[in-house]
Amino acid sequence: MSWHSISLRPVPFSPGSYVLRIGRWSLRFDARLIGHTLLLLAMALTVGILSLKSGARPFTFAEITEAIFIDAPRRLHLPIIEWRMPRVVLALLAGSSLGMAGAIFQSVSRNSLASPDILGFSTGAATGALFVILLGTGGYYERAGAALLGGGMTAAVTYMLAWKGGIQGVRLVLVGIGISSMLTSLNAWLILKTDLRLAIQAAVWQVGSLNTVNWRQVQHLGSALSFIVPCTFLLGRAMRQLEIGEDLARSQGLRSEYVRASLLASGIALTAATTAIVGPIAFVALSAPQLALRFLRLPGLRLAPSAAMGALLLVSGDWFAQHLFAPRLIPVGIVTICIGGAYLVWLLAGEKRRKQS
Amino acid sequence: MAFSNSTTDTFVTSRLLAEDITLAYDGRVVASNLSVAIPDRSFSAIIGPNASGKSTLLRALSRLLRPESGSVYLDGKRIWELRARDVAKILGLLPQSAIAPDAITVFDLVSRGRYPHQGLFRQWSEDDEAAVFSALDATKTTGLAGRCMDELSGGQRQRVWLAMVLAQETSLLLLDEPTTYLDIAYQIELLELLAELNAGGRTVVAVLHDLNHACRFASHVIAMKGGAIVAEGKPAEIITEELVEDVFGLPSIIIPDPVAGTPMIVPKQKKVPATGEVACQAQPSRASRPDLTAASRLNGLSSSRIPRKPHQG
């Protein structure tokens, strides 16, 4: 291999797409996609900084910079770094994780309604985590493990029930909604059956909330994601190839069963890792990939912009959750349900219009 | 692996063949104990009425459907023992129900055909680029390269799909009803393109609905009925009035095609049923398509054209 031949060329007819060739190696990247993703992330970070600034005691930019970069006095360090920042960082992490999970499920099922929250995987993960919470024992990893188990089992049951010589989008969604409702009532029952203190804690967690957050939780989610996310990105190329259809992708050498199983596994892992900490936050996974798709006019669902859009959605949602009825805090899950509900109506109305035309 | 062809005395070799395969969907047997060899460098057409197992056979030949028993061989090896990626470098398939992702450009879609040649550190080589351009060129779609798939006509779209499979650079090309949903001019254009590719050295296998097209363009015809192969060979040798009657249940007369000299099937007037509905005049809806009568199926000109599946999204 000759290391001398290094070239960077645009890919023909693909604006923004470049190929870097080193010898016989070649890496292709989409500068436009990267740019858009960075833009979304920058917007998310901006909202995050606004979140740090505002609150019962507003801070100036100077104070925030001081708290972050300089050894600030305790009166700045405690509220900004210890109280507000973990919440913002967790919102960014959880949002990206959910956005990514949504992109995976929607891409694999070729259905814009399929996402862990609609299909009941989040609720299933919540059921698993609830068991651990209500036993009053176990830390994050027990909770995450149980959530993984719950989400995985829900996925298996949903697929089994929806299977009819293959998976059809609508059938999958309907079965998912059914299972999700059943699990929701199971979760409610579980909460009713335990003592008040644990029940209150569980009930708040169950709507999806960032109101009680500390750095430990950020650390837990961060370390889980630092493993799952790179694995998921490795599957990105195969995921894009699946877009052209099962038969074609297989005839081009893609091991579709294996790819699909791996993708679903990482989707469930992302959902479980997130749900175990912030609870089943609804609609971020559903709407983030589609919003990214529509606003960036992509040819298909992409992991990175979906993740960035998820981060933006959740961090904005959390800002509203904190300030809409301030000083009363509402769980961010309530906000995302409201945003998501509106989005869902818009999506369904769009589908209907398209069918009629 | 060599196979002697019963209809001709010459010795014909086959890189792709099926030996005693039984095919089933969800336990329902569609075809049993089927053996077929695709002559190298032939333009083979698989014909037969609906539900005769044509597409199923094509799926088995292309490693999409695993036979319940028996084996498909590619270059003398059992196709299921080869890696999917290695098969994809030899054999390309265009399924019938290809749906393009929303907003994908022609160039992007054709590039997807390079998948078996790519890898994590080989994402877009110079070979990839050259193959895509030559596929666009062969299908005369270079001018469309920057356009979005959903802006194209049905005929253009089908040529782009074909370009995608060509970019795969396989010596065998399998197509499932490539002309369905195209109007007559596009059908002929596409078949001529396939004939051209075949003349260039590729082995082409296509499931075709139109018998007259099969007779005119194919060098080898495989006629199927009820999951079994009832005849195979050169169209001029096997397409007879008896065969058409037997396979399609349609009385016809066969005359030489005034243009190509190949057999041309002219359906005889069927007895008008009591309801007064003549097959050729019926305007079948999509849902009733499997009930298309033999007469309209045979006559490419009069069978109603059904628009291509609407674009997803």
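Refer to the preceding data block for the structure.
Residues numbered from 1 in each chain as written. Chains lettered and ligands numbered in written order. Predicted model: local features only at pLDDT ≥ 70, side-chain atom pairs only at ≥ 80, totals over all residues. Heavy atoms only, no water.

Trainee: Please set out the overall build of chain B residue by residue, giving values where relevant.
Mentor: Of regular secondary structure, chain B possesses ten helices and 14 strands. Restricting to contacts in chain B with at least 6 residues of sequence separation, those with at least 24 account for 65%. Carbon and sulfur atoms make up 51% of the accessible area of chain B, which amounts to about 13,200 Å² in all. (Helix = DSSP H or I, 4+ residues; strand = E, 2+ residues; numbered from the N terminus. Contact = heavy atoms within 4.5 Å. Areas by Shrake-Rupley, 256 points an atom, 1.4 Å probe, with all protein chains shown as cover.)

Trainee: Tell me what's going on with the sheet that holds strand β2 (residues 17–22) of chain A, and back it up with residues and numbers.
Mentor: Residues and elements named next belong to chain A. Across the sheet, which stays open at both edges, the three strands sit in the order β1-β2-β3 with antiparallel pairing between neighbours. The open sheet has two free edges, formed respectively by β1 (6–10) and β3 (25–30), since each of these has just one partner strand. Strand-to-strand twist across the sheet, computed as the mean angle between neighbouring axes with direction ignored, equals 15°. Sheet contacts for helix α1 (residues 31–53): β2 and β3; angle to β3, the most-contacted strand, approximately 50°. (Pairing = 2+ DSSP bridges. Axes fitted to C-alpha atoms, helices over the stretch in contact; angles between N-to-C directions.)

Trainee: So what's going on with the side chain of A:Asp247? Residues and values would help.
Mentor: Relative to the assigned elements, A:Asp247 resides in helix α11 (residues 246–251). Not counting residues within four places of it along the chain, the set of residues in contact with A:Asp247 comprises B:Arg59, B:Leu64 and B:Pro95.

Trainee: Tell me what's going on with the interface of chain B and chain A, and back it up with residues and numbers.
Mentor: Listed as interface residues are 44 residues of chain B and, on the opposing side, 32 residues of chain A. Across the chain B to chain A interface the summed buried area is about 3,300 Å²; carbon plus sulfur atoms make up 54%. Among the residues chain B hides against chain A, the three largest losses belong to B:Arg112, B:Tyr115 and B:Trp124. Together they make up 22% of the total. Where chain B touches chain A, the interface holds five salt bridges. Here chain B and chain A share 13 residue pairs in polar contact (both at pLDDT 80 or more) between them. Elements with a minimum of two residues in the side of chain B that touches chain A: α2 (84–88), β8 (91–94), α3 (106–112), α4 (126–138) and α5 (154–167) of chain B. Here the element with the most residues in the side of chain B that touches chain A is α3(B); it accounts for four residues. Residue composition of the side of chain B that touches chain A, grouped by class: 23 nonpolar, eleven polar and ten charged. (Buried area = accessible area lost by both parts, 1.4 Å probe. Salt bridge = Lys/Arg side-chain N within 4 Å of Asp/Glu carboxyl O. Polar contact = N/O pair within 3.5 Å; in protein donor to acceptor, adjacent residues only side chain to side chain. Nonpolar A, V, L, I, M, F, W, Y, C, P; charged D, E, K, R; others polar.)

Trainee: Go over the nonpolar core with me, naming the residues and quoting the values.
Mentor: Judged by nonpolar contacts, the single largest core of 106 residues is most densely connected at A:Leu90, A:Tyr140 and A:Leu221. Broken down by element, the residue count for this core peaks at 16 residues, all from helix α3 (residues 74–109) of chain A. Once residues lying within four places of it in the same chain are set aside, the contact partners of A:Leu221 are A:Leu90, A:Leu93, A:Ala94, A:Tyr140, A:Ala273, A:Thr274 and A:Ile277. Ranked by size, the runner-up nonpolar core spans 58 residues in total, among them A:Ile244, B:Leu109, B:Leu190 and B:Ala218. (Core = buried A, V, L, I, M, F, W, Y, C linked by side-chain atoms within 4.5 Å. Buried < 20%, exposed > 50% of the residue type's maximum accessible area, 1.4 Å probe, protein only.)

Trainee: Describe a nonpolar patch on the surface, and please don't skip the residues or the numbers.
Mentor: All names here are of chain A. Among the surface-exposed residues, Leu 8, Tyr 18, Phe 29, Ile 34, Leu 38 and Leu 41 lie close enough to one another that they form a single nonpolar patch of about 530 Å² accessible area. It is α1 that provides the largest number of residues to the nonpolar patch, a total of three residues. Structurally, the position occupied by Leu 8 is in strand β1. Judged by relative accessible area, Leu 8 falls into the exposed class, the value being 53%. (Patch = residues over 30% accessible without salt bridge, like charges linked within 9 Å, V, L, I, M, F, W, Y side chains within 5 Å.)

Trainee: Mind laying out the sheet that holds strand β3 (residues 16–25) of chain B, listing which residues take part and the relevant values?
Mentor: All names here are of chain B. Across the sheet, four strands lie side by side as β4-β3-β6-β7; this open sheet has antiparallel pairing. Edge positions in the open sheet fall to β4 (28–38) and β7 (77–78), since each of these has one partner strand only. Looking at chain direction, β3 and β4 are connected through seven bridges and run antiparallel. Along β4, the bridge assignment pairs Ala 24 with Val 29. Most of the contacts of helix α1 (residues 54–61) go to β3, to which it runs at about 120°, and overall it touches β3, β4 and β6 (69–74).

Trainee: Quick rundown of helix α2 (residues 61–69) of chain A? Include the residues and the values.
Mentor: Three- or four-residue spacings in an α-helix give side chains the same orientation, since the helix completes a turn every 3.6 residues. Residue and element names in this part refer to chain A. Within α2, burial applies to Glu 63, Ile 64 and Ala 67. Buried residues in α2, looked at end-on, bunch into an arc of 100°, giving them a common side. Exposed residues pointing more than 90 degrees away from the buried face of α2 are listed as Ala 62 and Phe 69. At its buried positions, α2 is contacted by α1 and α3. (Arc of directions from axis to C-beta.)

Trainee: Tell me about the packing of aromatic side chains, and name the residues and values.
Mentor: Following the criterion strictly, the structure yields eight aromatic pairs over all chains and no others. With 6.2 Å between their ring centres and 55° between their planes, A:Phe13 and B:Phe133 make a pair best called tilted. In this pair, A:Phe13 is assigned in the loop between β1 and β2 and B:Phe133 in helix α4, connecting two distinct chains. For A:Phe13, a relative accessible area of 37% translates into the label partly exposed. Residue classification places B:Phe133 among the partly exposed residues on the basis of a relative accessible area of 29%. (Phe/Tyr/Trp six-rings, centres within 6.5 Å; stacked < 30°, edge-to-face > 60°.)

Trainee: How would you explain the pairing of strand β12 (residues 228–233) of chain B if you had to name every residue and give the values?
Mentor: Put simply, side chains in a regular strand alternate between the two faces of the sheet. All names here are of chain B. As paired strands, strand β11 (residues 220–225) and β12 are joined by five bridges and run antiparallel to one another. Residue pairing for β12: Ala 223 is matched across the bridge by Ala 231. If you look at the hairpin formed by β11 and β12, you'll find two residues sitting between the two strands, and Gly 226 has a positive phi there, around 55°.

Trainee: Any chance you could break down the side chain of A:Thr274 for me, citing the residues and the numbers?
Mentor: Examined against the element boundaries, A:Thr274 turns out to sit in helix α12 (residues 256–278). When sequence neighbours within four positions are dropped, the list of residues in contact with A:Thr274 reads A:Ala94, A:Ser97, A:Leu98, A:Leu221 and A:Gly279.

Trainee: If you had to explain α1(B) to someone new, which residues and values would you point to?
Mentor: Residue and element names in this part refer to chain B. With respect to burial, α1 is a largely interior element, six of its eight residues being buried. Turning to α1, its buried residues number three or more, namely Lys 54, Thr 56, Leu 57, Leu 58, Ala 60 and Leu 61. Trailing α1 by a residue or two, Arg 63 shows a phi angle of about 70°, which is positive.

Trainee: Which residues make up the packing of helix α9 (residues 215–234) of chain A against α12(A), and what values do they have?
Mentor: Residues and elements named next belong to chain A. It is the contact of α9 with α12, at a shortest axis distance of 10 Å, that shows an interaxial angle of 175°. As judged from the angle between their axes, α9 and α12 are roughly antiparallel. Touching Gln 217, His 220, Leu 221, Ala 224, Leu 225, Ile 228, Val 229 and Thr 232 of α9 are Ser 266, Ala 269, Leu 270, Ala 273, Thr 274 and Ile 277, all from α12. Grouping the constituent residues of the contact of α9 with α12 by class yields nine nonpolar, five polar and no charged. (Parallel < 35°, antiparallel > 145°, perpendicular 65-115°, else oblique.)

Trainee: With reference to specific residues and values, describe the pairing of β3(B).
Mentor: Residue and element names in this part refer to chain B. Along β3, seven of the ten residues are buried, which leaves the element largely enclosed by surrounding structure. Connecting β3 to the antiparallel partner β4 that follows it, the hairpin turn spans two residues, and Asp 26 within it adopts a positive phi of roughly 50°. Pairing between β3 and β6: five bridges, direction antiparallel. In the sheet register, Thr 22 faces β6, and the bridge partner there is Ser 69.

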